[in-house]
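Chain residues, written in single-letter form:
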Amino acid sequence: MRLRHIRGAEETIAESPYVIQEPELHKGSWNQVFGNDNPIQIEVGMGKGRFIMELAQQNPDINYIGIERYSSVLLRGLQKRAQLELNNIYFMCIDAKNMADYFAPGEVDKIYLNFSDPWPKDRHLTSPDFMAVYDKILAADGMVEFKTDNKGLFDYSLEAIPEAGWTITAHTFDLHHDPVMCAGNVMTEYEEKFSSMGNPICKLIAMREPKENEEN
């Protein structure tokens, strides 16, 4: 999908108080950015930000960071953010593959992957390469939550994630008809669109397999 570039998007993002500039300077000290020691949760590929901003409104005791690499998309999120009274959410315009440069080991509590583009396999956000990045920054009991309407991508993820050394603790091929996994579900823009078309939504939750020294 080719995105239409919006003139001035980069300049607006660079000047926004809601976007973290030079995030590498905050590695290991995100508690100072937020002014508290609350857990940090990240959405990779936040799009226009509906999902993560709704979570931030519902959970004031959790800090949220939305990552979006495309400036024209992030700009839409900033426009919505400006209308909200929140102090527990920031954005970054970065490539997710570099997240370990911006977060220290164990600094992140949870990572959300919602309706990721179905790239070639080595670029999937659930590929072993990306799971290795998440492994570097998640807390010992941290988790990854993944939602998609793309059955092929979901099937790939069900195989690739365990091969990367993770355990899939729960999954469903029809989230909106699964009362357990759908409890408290917050929909994204794409989720609402695809489900209204009758597309079933798939979801999985993954955690790392415990290391031998953690089992004792």
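Since this is a predicted model, take the numbers as computed values, not measurements. (Residues numbered from 1 in each chain as written. Predicted model: local features only at pLDDT ≥ 70, side-chain atom pairs only at ≥ 80, totals over all residues. Heavy atoms only, no water.)

(A) Structural detail: helix H5 (residues 128–137). Within H5 the residues assigned to the buried category are Phe130, Met131, Val133, Tyr134 and Ile137. The buried residues of H5 occupy one face: seen down the axis, they fall within an arc of 155 degrees. Residues of H5 that are exposed and point more than 90 degrees away from the buried face comprise Asp129 and Lys136. Here the buried face of H5 lies against strand E1 (40–44), strand E4 (108–114), strand E5 (138–148), helix H6 (151–163) and strand E6 (166–172). (Buried < 20%, exposed > 50% of the residue type's maximum accessible area, 1.4 Å probe, protein only. Helix = DSSP H or I, 4+ residues; strand = E, 2+ residues; numbered from the N terminus. Arc of directions from axis to C-beta. Contact = heavy atoms within 4.5 Å.)

(B) Representation of unusual backbone geometry within the structure. At Glu22, a position not held by glycine, the phi torsion is positive, near 50 degrees. Positive phi, close to 55 degrees, is recorded for Phe115, a residue that is not glycine. Here Phe115 lies in the loop between E4 and H5.

(C) Here's a closer look at the environment of Val73. Among the structural elements, Val73 can be located in helix H4 (residues 71–81). The exposure class assigned to Val73 is buried, which follows from its relative accessible area of 18%. Each C-alpha atom, one on Val73 and one on His124, is 19 Å from the other, the two residues being 51 residues apart in sequence.

(D) Quick peek at the packing of aromatic side chains. Tallied over the entire structure, the rule returns eight aromatic pairs. Between the aromatic rings of Trp30 and Phe103, the centroid separation amounts to 5.1 Å while the plane-to-plane angle is 20 degrees, which identifies the pairing as stacked. Of this pair, Trp30 sits in helix H2 (residues 30–34) while Phe103 sits in the loop between strand E3 (89–92) and E4, and the two are 73 residues apart along the sequence. Looking at Trp30, the relative accessible area reads 0%, which means it is buried. Geometrically, the ring pair formed by Phe51 and Tyr112 is edge-to-face, given 5.1 Å between the ring centres and 70 degrees between the ring planes. In this pair, Phe51 is assigned in helix H3 (residues 50–58) and Tyr112 in strand E4, connecting sequence segments 61 residues apart. For the pair shown, Phe51 and Tyr112 are each scored as buried. These aromatic residues form a ring-pair network of at least three members: Phe115, Tyr190 and Phe194. (Phe/Tyr/Trp six-rings, centres within 6.5 Å; stacked < 30°, edge-to-face > 60°.)

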